[in-house]
Amino acid sequence: MAFSLKKKAATTESTTSGENAIANKEIEGLSQGQIVRRRFFRHRAAMISLVTIISITVLVFTALDFKLFGVWKVPGWWKWTPEDLPELRFGDCPNDTVGCPTISFRPKFLGGSGFGLGDHPFGQDDIGRDFFALVMKGTQRSLSVMIVIGAIGATIGTVVGAISGFYRGKVDAILMRFTDFIITIPAIIIGSVVGFHFGNLGAMFLAFYLGLFAWTGLSRLVRGEFLTLREREFVDAARVAGASNRRIIFKHILPNAVGVIIVSVTLLMSGAILLETALSYIGFGVIEPDVSLGLLINKYQDSFTTRPWLFWYPGLFIISIALSINFIGDGLRDAFDPRQRRRISKKERQESATARKLAQAND
Amino acid sequence: MAAFILRRLGVLGVILFGSSFILYNLAAISGDPTADLKLSNDPNRDFLIASLTRELQLDVPPPARYFLWLKGILGIFIGQPDFGMSRDGSTVAHSLALAIPVTIRLVLAATIFAIVLGIAIGIITALRQYSRFDYSMTFVSFLMFSLPVFWVAVLLKEYLAISFNNFLQDPKVPLSFVIGIGLFTGIFWASIIGGTRKAFWMTFAIAGGSASALITFFSLTGWFLNPSLGPIVVGGLAVGIAYGVTQLSVGLINKAALKASLTMAAVTFVAYYPANWLFDKYPSALTIFILASLNIALAVFVALGFSKIDRGPIVRTAVLTAFISSGLLIVDKFMQTWKPYMETDAINYRPVPTVGQRSDLLGNEDWWISNLDVVTHLFLPTLALTLISFAGYIRYSRGTLLEVLNQDYIRTARAKGLTERTVIMRHAFRNTMIPLTTIMVVDFAGVIGGALITESVFGWSGMGTLFRQGLLGYDLNLLMGVFFITATLSVVANLIADLLYSALDPRIRVGSGA
């Protein structure tokens, strides 16, 4: 992560007093990458979100049997699979419902059954399938769809934006008109068409197709960034030193634009998971017998009054994933923004004032 | 400028042509419209297939058929667009004509609410940056951002509609609710207004106390079954609006503006009974429109009468006051209609519906009742859409305002000794609105295209439903009709956004580089 310090240079010279002094002291002698990392790690919401998303990923991908590259089978730790048909629980559920969740958080001394997962932590569906396994499978689908859309969108968007911003002129005009052309087709419509016709080819195929239409916003942003960056002195310097266009794009400009790219890719991904679940919900996305969170919600929304857990758990997973990604994006945006200053607490301000006075007194 | 627009329109035409061609062929190769007929055991199966083939020109291969479709669409330039026939024998144009108003009704109110609320909260959070209010609104907006609309819709149906309807069976607000609402209102207003610790608790007590008292009063008097404002409350609120609008637009120090606004508030008060009489006598949208126009014209005259110099802002203030406070009259009229509406057989004291766009059982009732019916049906979808989309506006307006407040011209304005109100409302707010306006335009077009899910959750039959129908039945003309509308809208919205941007921001010139 070798970033140049150009952006910082202008601000560091002129400011030596007050708040700036405190802020500058913290980043003295650090590379841009270290500064960004520090700022990101200090963003509390983003860190919580990062932990959340990592634990969700680990949870859902280890719970069920997982085929690595379609060959090695990694056994999951959860006892049921989405295909199993255990017996439906009768009797001990409130309001005469069946298959209620067995997860319990209430400790024994408060009259609960102690903390534990039980046999079916999220309950069972109509025919007795373990809902925990279904939700795990659905979250796996949604997460992988999200990552595939993010990866494809990020790659195409960056390449198209970089090329059209760097070369300008005819190339730019053609690529940007092509982008407009993709933008004309509303995402949800192309998603529905693609999902409806190719949904049965599997979730990955759907994700691939959606990714092909998801890069437009990103490419415009990257193009704008490249248009400004290519006029900067360090690009001229690189060119004078004999660097090829490819080298300038990838080694000199792209690292400087990486902040914008990462931030909008996170937004793209949180949009992608909502798009996938929405498409599955209206029946144009992942279709049965495959499982997806949107599909689960659609299937069981009518049983909300009697068996609300069939509705709550998939929704909670969608929200926690989308929310975490949004917060991570926010943290990254703050971290990459050169103008971003940490809020300086009263105590720090006073301390710096005293230090300054002491210094003046010593003079 | 004209050359720029023409060139852009030309490029847009080419783009629309390309994308519709691709979509048409994509949809055409994906399924056979006669597939379900071929499987049926109907004795006149072959005849049906033949007639469908003839009607939809299925014997022409898709790329060529596209041009037949395009020929029909291009009729738009001679005023006779032909969107073709849909499978069930009706023309696509007819279906679209029925569906478009439904979709617009669905998204219009939600978009307006989202914009107004989002920008207002965004600006407050920017002004109170790093406050608790800022942090909590940031969290709320991220949460809204991450909510799937279909999920929220089910929750709203269950918790809001059904429990509100149950509540109306016996409208007594429980004590815990009264306290809860009081606490929430108190904290909300206190954190917006801010100030010293003492001021914070004062605001908290006043706002929270009055909210609780109001709710208790409503609960005891059975207001929820027979709500109305009455002339006194309308008059009082109108005076409040007059002060508020004047303070925000030109400041209370401008006596002419204040006098003009207060006069308009008084006019609203005086017009309470005459307007109600007119509403009863001639219930139609035309009456409302004429009254509103008269009111605005009067506001212009009053403002001109009170002011001598700097008339523009004063007229604007008076017109805005007149517009908002006369809106109270409409709200009040709808409230008065609430009781008869609930008493109709179709409603029977369960006024908030969870699906549909009209109550089919509601007969040919009074104009106000049938419109109240529309409003109650709009309630849940509008709420869901507003919740989802206002988060974006909060984030965006907050970010833009913070950026603007860092600019040199704001420092200049402050250095000149302008009041904080002038700095925020005139210098900062206007510049914040420049990028926001363009976002709004594009957003609105996007919302229309994206109403598919909302429509399907709430059982409305708008464009989304048509699209779904077209997709499921391989009904190409229907599908393309919907696509044509949404794509044209989004393209035109982008063009308008570009033009608006250059109109609002003189630093941006159209025609260069685009």
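Conventions used here
Residues numbered from 1 in each chain as written. Chains lettered and ligands numbered in written order. Predicted model: local features only at pLDDT ≥ 70, side-chain atom pairs only at ≥ 80, totals over all residues. Helix = DSSP H or I, 4+ residues; strand = E, 2+ residues; numbered from the N terminus. Buried ≥ 20, exposed ≤ 12 C-beta atoms within 10 Å, placed from the backbone. Contact = placed C-beta atoms within 7 Å. Expected span 1.5 Å × (residues − 1). Arc of directions from axis to C-beta. Axes fitted to C-alpha atoms, helices over the stretch in contact; angles between N-to-C directions. Left-handed = near helix turned anticlockwise from the far one by under 90°. Nonpolar A, V, L, I, M, F, W, Y, C, P; charged D, E, K, R; others polar. pLDDT = per-residue confidence, 0-100.

K.L.:
A description of the overall build of chain B should follow, citing residues and the corresponding values.
P.N.:
Each helix and strand in chain B was counted, giving 20 helices and zero strands. With the C-alpha coordinates of chain B rotated into their principal frame, the extents come out at 80 × 65 × 45 Å. Relative to its 514 residues, chain B shows a buried fraction of 35%. Contacts in chain B between residues at least 24 apart in sequence constitute 71% of all its contacts with a sequence separation of at least 6.

K.L.:
Account for the overall build of chain A, naming residues and giving values.
P.N.:
Helix and strand counts for chain A stand at 14 helices and two strands. For chain A, with 363 residues in total, the buried portion stands at 40%. The contacts in chain A between residues at least 6 apart in sequence include a share of 67% that link residues at least 24 apart.

K.L.:
So what's going on with unusual backbone geometry? Which residues, and what values?
P.N.:
Phi is positive for arginine 168 of chain A, which is not a glycine, with a value near 50 degrees. Checked against the element boundaries, arginine 168 of chain A lands in the loop between helix H5 (131-167) and helix H6 (169-184). For aspartate 310 of chain B, which is not glycine, the phi torsion reads 50 degrees and is therefore positive. Following the sequence through the fold, aspartate 310 of chain B ends up in the loop between helix H13 (285-306) and helix H14 (311-343).

K.L.:
Please set out the environment of asparagine 256 of chain A residue by residue, giving values where relevant.
P.N.:
Residues and elements named next belong to chain A. By the element assignment, asparagine 256 lies in helix H11 (residues 245-281). By C-beta crowding, asparagine 256 is classed as buried, having 20 other C-beta atoms within 10 Å. Sequence separation between asparagine 256 and glycine 118 is 138 residues, and the spatial gap between their C-alpha atoms is 51 Å.

K.L.:
Quick rundown of helix H8 (residues 175-193) of chain B? Include the residues and the values.
P.N.:
Residue and element names in this part refer to chain B. The end-to-end C-alpha separation of H8 is 27 Å, in line with the 27 Å expected for 19 residues at 1.5 Å each. Here H8 has its buried residues at Gly182, Thr185, Gly186 and Ala190. Projected onto a plane normal to the axis of H8, the buried residues spread over an arc of 120 degrees and lie on a single side. Residues of H8 that are buried make contact with helix H9 (197-221). Two residues or fewer past H8, glycine 194 is found with a positive phi of approximately 65 degrees.

K.L.:
Describe the interface of chain A and chain B, listing the residues and the values that go with them.
P.N.:
Every contact between the two is made by 31 residues of chain A and, on the other side, 33 residues of chain B. Among the elements of the structure, H6, helix H7 (187-198), H11 and helix H13 (309-336) of chain A are those that each provide at least two residues to the side of chain A that touches chain B. For the side of chain A that touches chain B, the element with the most residues is H13 of chain A, which contributes eight residues.

K.L.:
Mind laying out the packing of H5 of chain A against helix H9 (residues 216-229) of chain A, listing which residues take part and the relevant values?
P.N.:
Residue and element names in this part refer to chain A. Two elements in contact, H5 and H9, have axes whose closest approach is 7 Å; the angle formed by their N-to-C orientations is 35 degrees. Judged by the sense of rotation from one axis to the other, the crossing of H5 with H9 is right-handed. Packed against H5, whose contacting residues are Gly153, Ala154, Gly157, Thr158, Val160, Gly161, Ala162, Ser164, Gly165 and Phe166, the element H9 presents Leu218, Ser219, Arg220, Leu221, Val222, Arg223, Gly224, Glu225, Phe226 and Leu227 at the interface. For the contact of H5 with H9, the class distribution of residues is nine nonpolar, eight polar and three charged.

K.L.:
Let's hear about the confidence of the model for chain A: which residues, and what values?
P.N.:
Interpreting fine coordinate detail is not advised for predicted regions of low pLDDT. Residue and element names in this part refer to chain A. Summarising the model, chain A shows a mean pLDDT of 79, and 80% of its residues fall at 70 or more. Confidence scores differ between elements of chain A, with helix H1 (residues 6-14) showing the lowest mean pLDDT of 42 and helix H10 (residues 233-240) the highest of 92. Between residues 1-16, whose pLDDT stays under 50, and residues either more than four places distant or in other chains, the model counts 17 contacts.

K.L.:
So what about the environment of methionine 425 of chain B? Which residues, and what values?
P.N.:
Residues and elements named next belong to chain B. Relative to the helices and strands, methionine 425 is located in helix H17 (residues 420-449). Assessed through the 17 C-beta atoms surrounding it within 10 Å, methionine 425 is described here as partly exposed. Sequence-wise, methionine 425 and valine 250 are 175 residues apart; in three dimensions their C-alpha atoms are separated by 8.9 Å.

K.L.:
Requested: an account of the confidence of the model for chain B, with residues and values cited.
P.N.:
Residue and element names in this part refer to chain B. Averaged over chain B, the pLDDT score is 84; the fraction of residues at 70 or greater is 97%. Mean pLDDT across the elements of chain B ranges from a minimum in helix H2 (residues 35-39), with 72, to a maximum in helix H16 (residues 408-415), with 93. Taken together, the chains of this predicted complex give a pTM of 0.82 and an interface ipTM of 0.79.

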